[in-house]
Amino acid sequence: ETKMPITIINGEKEGKTMLITAGVHGCEYPCIKTAMELAKEINPKEVNGQIIIVHPVNMQGFEGRTAAVVPEDNKNILRMFPGDQNGTISEKIAYVISNELQELSDFYLDIHGGDLHEDLLPHIYYPGAAEKNIVEASIEMAKCFNVPYYVKSNTTNGSYTSAAIRKGIPSLLIERGGCGLCKEEEVLQYKNDILNVLANLNILNYKVTENQLSPKEIKEAIYLDSSMNGCWTCFVKAGDKINKGQKLGEISDYFGNIIETFYAEFDSVVLYNTVSFSVIKDCSLIAYGKID
């Protein structure tokens, strides 16, 4: 009975196919609203090829206000790729996206927006483990976005990395938003970025807007997770420049005793951080990328 809302825009002229998925995490709202509005606003007469937009992927998480996972199986769709048609619901969703949507596509954008418990600096991940030409094509797409950084990702089981590695599709994961908010200015920025990408790929007849930012590459990043349940205090915030050895945050037990402390391994910038006081084992705490 699981369904996903999908808009297919068939262009008046032949061309390439772009797949856009929003709301893999159901509480990342700016990307979902962006996808909904683009699906209504893009004129097929201005399209060369086809645009497939899913808005949102994780309907159960969206309607249940469940962060990060699908509530039925408590799994993160983003880590289920390429999926399993006989698996749990998250694995089945990943399988459908991989085999019925990515299979049709020449390019892929998986758009995100910071979850209920996360704040972030707008940035992009590209699939660093793919073939060289796919990596290069993905980076060229990343340069169309008005964000400060694009980050090399070595993961192999995410939606965009699976598309790039297994199917040879230039792909990106984009982050903009956070804390369960849906700010209109972030939606407008998101829409402008995606329209720019579509124009640069000649999928959309659209006058490209000049970006204020020129994204810089981050080739090394660290992602810190909690090793236990507890109470999280973060001493930095998204976008902060931090120094090697700087204290980033600490976890205490329910009596206030410090049980885990985190320090920066190198000079870097904070890409995102958890803002909630409550954390559980294996949940994300903070990510930071090495900068020159």
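Keep in mind it's a predicted model, so treat the numbers as computed, not measured.

Caption draft 1: Up close: the pattern of salt bridges. According to the stated counting rule, one finds 11 salt bridges in the structure shown. Of the charged contacts in the structure, one is a salt bridge between Asp240 and Lys237, with a shortest N-O distance of 3.5 Å. We classify Asp240 as partly exposed; its relative accessible area is 22%. Each of Lys33, Glu37, Glu41, Glu184 and Lys191 takes part in a single network of salt bridges with overlapping partners.

Caption draft 2: Molecular detail of the sheet that holds strand 1 (residues 6–10). A sheet is described by the order of its strands in space; here 8 strands give the open sequence 1-3-2-4-8-6-7-9, paired in mixed fashion. Across the chains shown, the open sheet's two edge strands, defined by having one partner strand only, are strand 1 and strand 9 (216–218). Taking each pair of neighbouring strands and ignoring which way they run, the sheet shows an average axis angle of 20 degrees. The sheet contact formed by strand 1 and strand 3 (residues 48–54) spans 5 bridges and is antiparallel. In the sheet register, Ile9 faces strand 3, and the bridge partner there is Ile51.

Caption draft 3: Local environment of the sheet that holds strand 16 (residues 278–279). The antiparallel open sheet is built from 4 strands, whose spatial order is 14-13-11-16. The sheet terminates laterally at strand 14 (258–263) and strand 16, the two strands that pair on one side only. As defined by bridge partners, strand 13 (residues 247–252) adjoins strand 14 across 5 bridges and the pair is classed as antiparallel. From the neighbouring strand, Glu250 faces strand 14, where its bridge partner is Thr261.

Caption draft 4: Region of the structure containing the layout of surface pockets. Here the largest pocket is characterised by a volume of approximately 1,000 Å³. If you go around the largest pocket, you meet 37 residues; those closest to its centre are Ala68, Asn76, Glu118, Tyr272 and Ser284. At the level of elements, strand 7 (149–153), strand 8 (171–175), strand 10 (221–225), strand 15 (268–274) and strand 16 are the ones that each hand at least two residues to the lining of the largest pocket. Looking at the lining of the largest pocket, the element that brings in the most residues is strand 10, giving 3 residues. What the second largest pocket holds in volume is close to 240 Å³. As for the second largest pocket, its lining consists of Tyr149, Lys216, Glu217, Ile218, Lys219, Glu220, Lys241, Lys290, Ile291 and Asp292. In terms of residue count, the dominant contributor to the lining of the second largest pocket is strand 9 (3 residues). Across the lining of the second largest pocket, the residue classes break down as 3 nonpolar, no polar and 7 charged.

Reading the values: the criteria
Residues numbered from 1 in each chain as written. Predicted model: local features only at pLDDT ≥ 70, side-chain atom pairs only at ≥ 80, totals over all residues. Heavy atoms only, no water. Salt bridge = Lys/Arg side-chain N within 4 Å of Asp/Glu carboxyl O. Buried < 20%, exposed > 50% of the residue type's maximum accessible area, 1.4 Å probe, protein only. Pairing = 2+ DSSP bridges. Helix = DSSP H or I, 4+ residues; strand = E, 2+ residues; numbered from the N terminus. Axes fitted to C-alpha atoms, helices over the stretch in contact; angles between N-to-C directions. 1 Å grid on protein atoms, 1.4 Å probe; cavity = no way out; pocket = protein on both sides within 12 Å on 5 of 7 lines; lining within 4 Å. Points joined across faces, edges and corners; volume = space filled by probe spheres on them. Nonpolar A, V, L, I, M, F, W, Y, C, P; charged D, E, K, R; others polar.

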